[in-house]
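Observations on the three-dimensional arrangement
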Amino acid sequence: MTRIYDCSVDEERSTGMRLARSAIGRGALVVIPTDTVYGIAADAFNPEAVQKLLDAKGRDRQSPPPVLIPGIPTLDALAQDIPEPVRALVAEFWPGGLTVVLTAQSSLVWDLGETRGTVALRMPRNQVALDLLAETGPLAVSSANTSGLPSAIDVIGAEEMLGISVAVYLDGGVAGLDYEPIGDRAGDTSSTIVDATGFDTNGGKIVIVRNGVISRAAIEAVIGDALAPVGEQ
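I will try to describe carefully the structure that is included in this document. (Residues numbered from 1 in each chain as written. Predicted model: local features only at pLDDT ≥ 70, side-chain atom pairs only at ≥ 80, totals over all residues. Heavy atoms only, no water.)

This part is about the side chain of S190. If you trace the backbone, S190 turns up in the loop between β9 (168–171) and β10 (192–195). The exposure class assigned to S190 is buried, which follows from its relative accessible area of 5%. Reaching out from S190, the side chain makes a polar contact with the side chain of D188 at a distance of 2.9 Å. When near neighbours in sequence (up to four residues on either side) are disregarded, S190 contacts T36, V37, S151, R185, R210, G212 and V213. (Helix = DSSP H or I, 4+ residues; strand = E, 2+ residues; numbered from the N terminus. Buried < 20%, exposed > 50% of the residue type's maximum accessible area, 1.4 Å probe, protein only. Polar contact = N/O pair within 3.5 Å; in protein donor to acceptor, adjacent residues only side chain to side chain. Contact = heavy atoms within 4.5 Å.)

Written as structure tokens, this is what we have:
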């Protein structure tokens, strides 16, 4: 039976983290809190586990999940050709609510879906998530909801949508409280996504592909005219 573990209680946190590590190791799914919304997580290097994640959400391979990482040094292990404006954004907003889309390292042996050689990376600002990532390494993590429904901001909302498709639920309280829901969808505290994969061919521009909790103004304050104008791809 699926269990929810309250990470504000030391004993439950210890048990939940141990079981979450075990679940990831055997290719099962785990729901974790992040600083933005709750996420459904799988071993990024286990294609069967990633497929389980997509199936649980009702998504196909055209919607590959982002990858959460435990620290900025992992950025260079998973991505290549990282422009300096991206490094500036990462220095300013990680850990936090910014996801960056980059060209994946060609040596990586994984299958996240139809990524076309890219990877979306984020370092979350949530200690439960970071502690788990420190033990498991990079995790494929998508918002903990079924496709078409709002992202869960608490563990009960995640469990209601995902049920027994998830082996372990880690309860870290309500997510997103440190952010304003200023993104594309009313009330949503999802991360802002920027795409740097066209940097070398589009005149050195970073493109916002999803407005989220990190505002356009905040991004522009860091990278100036390296931010593409609204509507430019």
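That was the structure; now back to the text.
This next bit is on the packing of helix α4 (residues 84–93) against helix α7 (residues 216–223). Contact pair α4 / α7: the axes reach a minimum separation of 9 Å and the direction vectors enclose 120 degrees. Taken together, the axis directions place α4 and α7 in an arrangement best described as oblique. For the pair α4 and α7, the crossing hand works out as right-handed. Contacts between α4 and α7 involve P85, A88, L89, E92 and F93 from the first element and A218, I219, V222 and I223 from the second. Along the lines of polarity and charge, the residues of the contact of α4 with α7 split into eight nonpolar, no polar and one charged. (Axes fitted to C-alpha atoms, helices over the stretch in contact; angles between N-to-C directions. Parallel < 35°, antiparallel > 145°, perpendicular 65-115°, else oblique. Left-handed = near helix turned anticlockwise from the far one by under 90°. Nonpolar A, V, L, I, M, F, W, Y, C, P; charged D, E, K, R; others polar.)

Together, I153, V174 and L177 make up an exposed nonpolar region whose accessible area comes to about 280 Å². Within the fold, L177 resides in the loop between β9 and β10. (Patch = residues over 30% accessible without salt bridge, like charges linked within 9 Å, V, L, I, M, F, W, Y side chains within 5 Å. Areas by Shrake-Rupley, 256 points an atom, 1.4 Å probe, with all protein chains shown as cover. Salt bridge = Lys/Arg side-chain N within 4 Å of Asp/Glu carboxyl O.)

Moving on, we get to the pairing of β9. Sheet analysis places strand β1 (residues 3–6) next to β9, joined by four bridges and oriented parallel. Within β9, the residue paired with D6 across the bridge is D171. Where strand β2 (residues 30–32) meets β9, two bridges bridge the pair, whose relative direction is parallel. Along β9, the bridge assignment pairs V31 with Y169. (Pairing = 2+ DSSP bridges.)

Our next topic: the pattern of salt bridges. Counting across every chain of the model gives nine salt bridges. Here E135 makes a salt bridge to R21, at a shortest N to O gap of 3.6 Å. Of this pair, E135 sits in helix α5 (residues 127–136) while R21 sits in helix α1 (residues 10–25), placing them 114 residues apart in sequence. Using a relative accessible area of 52% as the deciding quantity, one classes E135 as exposed. Close ionic contact of R61 with E114 constitutes a salt bridge, the shortest N to O distance being 3.3 Å. Taken together, the residues span a long stretch of sequence, with R61 in the loop between α2 (47–57) and β4 (67–68) and E114 in the loop between β6 (98–104) and β7 (118–122) at a distance of 53 residues. E114 gets classed as partly exposed once you look at its relative accessible area, which sits at 34%.

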